[in-house]
Amino acid sequence: MLLATFKLCAGSSYRHVRNMKGLRHQAVLAIGQELNWRALGGPTPGAWINQVRRRGSLLGSQLEDTLYSDQELAYIQQGEEAMQRALGILSNQEGWKRESQQGLLSASQQANGDEVLSKVVPDVGKVFRLEVVVDQPMERLYEELVERMETMGEWNPNVKEIKVLQKIGKDTVITHELAAEAAGNLVGPRDFVSVRCTKRRGSMCVLAGMATRFEEMPEQKGVIRAEHGPTCMVLHPLAGSPSKTKLTWLLSIDLKGWLPKTIINQVLSQTQVDFANHLRKRLESSSALEARC
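Counting from 1, residues in each chain are numbered in the order their sequence is written. The model is predicted, so local features are restricted to residues of pLDDT at least 70 and side-chain atom pairs to those at 80 or more, both for listing and for counting; the totals for chains, interfaces and linings are taken over all residues. Side-chain descriptors were evaluated using all non-hydrogen atoms of the structure, hydrogens and water having been removed beforehand.

The condition that has to hold: UniProt positions are given in the numbering used here, feature names are shortened, and annotations may be inferred rather than shown by experiment.
The name that an unreviewed UniProt entry assigns to the protein chain is Steroidogenic acute regulatory protein, mitochondrial, with the source organism given as Camelus bactrianus. Under the heading Function (unreviewed entry), UniProt records this for the protein chain: "Plays a key role in steroid hormone synthesis by enhancing the metabolism of cholesterol into pregnenolone. Mediates the transfer of cholesterol from the outer mitochondrial membrane to the inner mitochondrial membrane where it is cleaved to pregnenolone."

The following block contains the structure:
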């Protein structure tokens, strides 16, 4: 009788714990759906936002049917919020101005239609927006920027290392990024700990992220811990030319430390331009290597 009572109590406790985890999981799904409604309902969205809306929810897509810890659920929610905020900034077409630093864009980049814009967003600060067309299909960019994320230091000299610290489900990762010195070493080494969220629907892809805390990666001696604000990249085939990809990159970074705004603006806009150059070269060299093989 005592043994039967023990089994009954144990079974009841197990069901209670399982139900509580299930409720937390359902709460995250509901939050994702709410964020999706808010992010994609902004005023005067661009054409690619309309494509996202027609193809279905990016932010509210269902998570894997897995039970996550409270900390993992918090990271998932933070990644979804970063995507919602970044898409909201991009969908607002008002206030963007072209960056006009002399020599920012090379002649070839201008011929390609590359563009760097910026504006000041309340509660965020100055954000930068890179618009480029890459002569490669979207899948190639997805492979390089998501599946081979940790190899970015091999082809982008502005990045020394990117390491995935934790993977949560199929859409969310925690990363540590060590950036190189910039502006003739006026900007010393920085590192970032970020939560990143990736969503795909058909040929459309959004990569988003923002700063987070990860106990296993404390601040490093001699390196300033900077922070990504809400950032994202949007990839989709160029209309009428599906073998090419339109890339939009929203960049928001707090470099920390005592730096003049002119230096910060120069570094961030130049970082975007350099990234486009290095990405094109990487994809071109990879294509040439595959052709020889």
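## As for unusual backbone geometry
Put simply, the rule is: Helix and strand labels come from DSSP, where a helix needs a run of H or I of at least four residues and a strand needs a run of E of at least two; each type is numbered from the N terminus. Buried means the residue's accessible area, taken with a 1.4 Å probe over protein chains only, is under 20% of the maximum for its type, while exposed means over 50%, and partly exposed covers the values in between.
Positive phi, close to 70°, is recorded for Asp123, a residue that is not glycine. Secondary-structure assignment places Asp123 in the loop between strand 2 (115-121) and strand 3 (125-134). For Lys256, which is not a glycine, the phi torsion comes out positive at approximately 60°. Looking at the element boundaries, Lys256 is found in the loop between strand 12 (253-254) and helix 6 (261-292). On the basis of relative accessible area, Lys256 is assigned to the partly exposed category, the value being 30%.

## As for the packing of aromatic side chains
Condition: Pairing of aromatic side chains requires ring centres within 6.5 Å, counting the rings of Phe and Tyr and the six-membered ring of Trp. Pairs whose planes differ by under 30 degrees are stacked, by over 60 edge-to-face, and all others tilted. Put simply, a charge is over a ring when the Lys NZ or the Arg CZ is close to the ring centre, within 6 Å, and near the line of the ring normal, within 35 degrees.
Taken as a whole, this structure holds 3 aromatic pairs when the rule is applied. When the ring of Trp155 is compared with that of Phe275, the centres are 6.1 Å apart and the planes differ by 45°; the resulting orientation is tilted. Here Trp155 is found in the loop between helix 5 (138-147) and strand 4 (159-168), whereas its partner Phe275 is found in helix 6, with 120 residues between them in sequence. With respect to burial, Trp155 and Phe275 carry one shared label: buried. What links up through ring pairs into an aromatic cluster is the set Trp155, Trp249 and Phe275. Note that Arg129 overlies the ring of Trp96, its terminal NZ or CZ placed 5.2 Å from the centroid. Taking NZ or CZ as reference, Arg200 lies 4.2 Å from the ring centre of Tyr142, over its face.

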